[in-house]
Amino acid sequence: MTHIEAIEPGYHPPAFPLYEAVFRGGGAPPRRWLSGWNGLVTAPATDVTLAAKTERDSALVASSRWNEVAEARATGALLLSAFRVFAPATPVDEVLRLAEDDTRWNAATVVVDGRPFPAVATAVEGVTLTCCVDRAADVHVAVASIGEFSLRRLIAGRNEVYPADPFVAHA
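Residues numbered from 1 in each chain as written. Predicted model: local features only at pLDDT ≥ 70, side-chain atom pairs only at ≥ 80, totals over all residues. Heavy atoms only, no water.

In summary, soluble globular proteins display a tendency toward joint burial of nonpolar side chains. If you look at the biggest cluster of nonpolar residues, it comprises 26 residues, and the most contacted ones within it are Val61, Val110, Val141 and Leu151. Among the secondary structure elements, those contributing two or more residues to this core are β1 (19–23), β3 (47–53), β4 (58–64), β5 (106–112), β6 (115–124), β8 (139–146) and β9 (149–153). In contact with Val61, not counting residues within four places along its chain, are Tyr19, Glu20, Ala21, Val48, Thr49, Leu50, Val141, Ala142, Val143 and Leu151. Counting residues in hydrophobic clusters, the runner-up holds 21 residues, among them Trp66, Phe83, Val95 and Ala99. (Core = buried A, V, L, I, M, F, W, Y, C linked by side-chain atoms within 4.5 Å. Buried < 20%, exposed > 50% of the residue type's maximum accessible area, 1.4 Å probe, protein only. Helix = DSSP H or I, 4+ residues; strand = E, 2+ residues; numbered from the N terminus. Contact = heavy atoms within 4.5 Å.)

In this structure, Arg84 takes a positive phi of about 55° despite not being glycine. In this structure, Arg84 sits in the loop between α1 (69–79) and α2 (92–100). Its identity as a non-glycine residue notwithstanding, Asp113 has a phi of 50°, on the positive side. Along the chain, Asp113 turns up in the loop between β5 and β6. The class of Asp113 is partly exposed, set by a relative accessible area of 40%.

On to the pattern of salt bridges, then. Taken as a whole and assessed by the stated rule, the structure comprises eight salt bridges. When the shortest N-O distance is used, the salt bridge between Arg32 and Glu20 registers 3.3 Å. On the criterion of sequence distance, the pair formed by Arg32 in strand β2 (residues 31–38) and Glu20 in strand β1 is long-range, its members being 12 residues apart. The buried category is assigned to Glu20, whose relative accessible area is 5%. (Salt bridge = Lys/Arg side-chain N within 4 Å of Asp/Glu carboxyl O.)

Locating Thr54 in the fold gives a position in the loop between β3 and β4. With residues near it in sequence (within four places) discarded, Thr54 still touches Phe23, Ala28 and Pro30.

This part takes up the environment of Glu71. Tracing the backbone through its elements, the reader meets Glu71 in helix α1. Overall, Glu71 belongs to the partly exposed group, its relative accessible area being 32%. The spatial distance from the C-alpha of Glu71 to the C-alpha of Ala51 is 19 Å, given a sequence separation of 20 residues.

Tracing the backbone through its elements, the reader meets Val127 in strand β7 (residues 127–134). Between the C-alpha atom of Val127 and that of Ala107, which follows or precedes it by 20 residues, the distance is 17 Å.

Attention now goes to the side chain of Asp47. If you trace the backbone, Asp47 turns up in strand β3. The buried charged residue Asp47 lacks any salt bridge partner; its closest oppositely charged side chain belongs to Arg65, at an N-O distance of 12 Å. Reaching out from Asp47, the side chain makes a polar contact with the side chain of Asn38 at a distance of 3.1 Å. Residues in contact with Asp47, not counting those within four places in the same chain, are Phe16, Gly36, Trp37, Asn38, Ser63, Ser64 and Trp66. (Lys, Arg positive; Asp, Glu negative; His and termini not counted. Polar contact = N/O pair within 3.5 Å; in protein donor to acceptor, adjacent residues only side chain to side chain.)

Moving on: the pairing of β3. Consecutive side chains along a regular strand alternate between the two faces of the sheet. Taking burial as the measure, the seven residues of β3 include six buried ones, the bulk of the element. As defined by bridge partners, β2 adjoins β3 across seven bridges and the pair is classed as antiparallel. Counted as the bridge partner of Trp33 is Ala51 from β3. Between β3 and β4, which pair antiparallel one after the other, the connecting turn spans four residues. (Pairing = 2+ DSSP bridges.)

Right under this line is the structure:
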């Protein structure tokens, strides 16, 4: 008889790097948390969203191996709901139209680990959406933010600021 090891349902870290927002300026360090993830509860996450918030700045940073920048833009548009940009009853297809409208997105640059990366960005009701690709890691990053930010790759084992470590499986 073969013994099959059961995988406990819950969050399982992804097989790709995660990114977090770093805010410019001084002040108290941001509060950080694992905001959400998608994927099967018995497999590694397919995308992970990390949150950061100070008194004046906030950001949601989604990392994934999306196939297209359009998928990152769609995720960014969906992150807007956390900023209450749209009325609660706004249909999802209306939100996604924002992501699909090429005329709303402009070329931009985002700093990742101290290096400039090409990106696309748009602004909605004071919230900036930014999408870039770390080609070396094959990871798309979508950010919804208030305030200026840069990104940094999260390092496993140095995540004591997160109540739930994004590199550790948990139920």
